[in-house]
Structure formats: C-alpha cells, structure tokens
Amino acid sequence: MQTVVIVIHLMIVAVMIGAVLLQKSEGGGLGMGGGAGFMSSRGTANLLTRTTAILAAGFFITSLFLSWHAGYSRAPSSIIGQPASQSQPAGGAPISAPTSGGILDTLKKADEQQQNQAPSGPQVPRSQ
C-alpha cells in the first residue's frame, strides 16, 4: 500500500514540476513564445493554474497519508526503561541500576565495567 502511494506521490511531483515550469512568469520562463496554439494565452494560464492547484492538493494529501501511515503502527518506547536482557553489553556483565544520579552515571559505570574486562583480542586504542 505504501509503495503504491509513494509511486503516485512521485508521479504527482514530476507532473507538478512540469506544470510550474510551463507557466508564464514575469521573466518569460519556459512558457514564453508560442503564439500559435490550441488555446489562447489566457486560457492556457487558467488551465495551468488549475492543474497546478489540483496537483498541489494531491501532493499534500499523499504527503499527509504517507506520514500518517508511517506513524500508524509505531509504539512508544523508552531507551532508559529497557529490560536487562536487551541492555546487556556484549561482554555479558550485567549493569547494575544506579543508586544515585541519572543516565550519565549509568553510562559511566557501564564504560568502567567494559574497561575492567579483559579484551578477547586486539582492539583499537581508545582516547580518554
């Protein structure tokens, strides 16, 4: 579903860029010249203006739908309150909960625990 809407969105964008570039501006733009056409310059300007407005509305609708669809199944999560099984470092030593302080103290203790463990092989030197 999302892929179909993205393809439609991109087609609307491409056509809207073309419609905007064809419109006559004060400097002439790409819509200048011509004279012999199936419509007068006034009719062409009205057609391009309406087309651009319809394409802009389609662009906004598809943009809103894509943002709604992306956030529809998203569940809120916290990086602080994860279970111990998910937040254990690769070394296997569990991180104890801080008795005082906040997340910075917890991260500092975790870094100290990783430094105290014996390295399993050659490692890149860390700056301090």
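Residues numbered from 1 in each chain as written. Predicted model: local features only at pLDDT ≥ 70, side-chain atom pairs only at ≥ 80, totals over all residues. Heavy atoms only, no water.

Draft legend 1. A look at the overall build of the protein chain. Each helix and strand in the protein chain was counted, giving 4 helices and 0 strands. Within the protein chain, the fraction of its 128 residues that count as buried is 12%. A separation of at least 24 residues holds for 61% of the contacts in the protein chain among residues at least 6 apart in sequence. Counting every atom, the protein chain has about 10,500 Å² of accessible surface; 63% of that belongs to carbon and sulfur. (Helix = DSSP H or I, 4+ residues; strand = E, 2+ residues; numbered from the N terminus. Buried < 20%, exposed > 50% of the residue type's maximum accessible area, 1.4 Å probe, protein only. Contact = heavy atoms within 4.5 Å. Areas by Shrake-Rupley, 256 points an atom, 1.4 Å probe, with all protein chains shown as cover.)

Draft legend 2. Inspection of the confidence of the model for the protein chain at higher detail. Mean pLDDT for the protein chain: 76, with 64% of residues reaching 70 or above. Across the protein chain, the secondary-structure element scoring lowest on mean pLDDT is helix α3 (residues 84-87), at 52, and the one scoring highest is helix α1 (residues 2-22), at 93. (pLDDT = per-residue confidence, 0-100.)

Draft legend 3. View of a nonpolar patch on the surface. Taken together, the side chains of I79, I80, I103, L104 and L107 present a nonpolar region at the surface, about 590 Å² in accessible area. Considering the arrangement of structural elements, one finds I80 in the loop between α2 (41-72) and α3. Here I80 falls in the exposed class, since its relative accessible area comes to 64%. (Patch = residues over 30% accessible without salt bridge, like charges linked within 9 Å, V, L, I, M, F, W, Y side chains within 5 Å. Salt bridge = Lys/Arg side-chain N within 4 Å of Asp/Glu carboxyl O.)

Draft legend 4. Just the environment of T62, in detail. In this fold, T62 is placed in helix α2. Overall, T62 belongs to the buried group, its relative accessible area being 10%. Separated by 52 residues in the primary sequence, T62 and L10 place their C-alpha atoms 9.7 Å from one another. Apart from the residues within four sequence positions on either side, T62 is in contact with V5, I8, H9 and I12.

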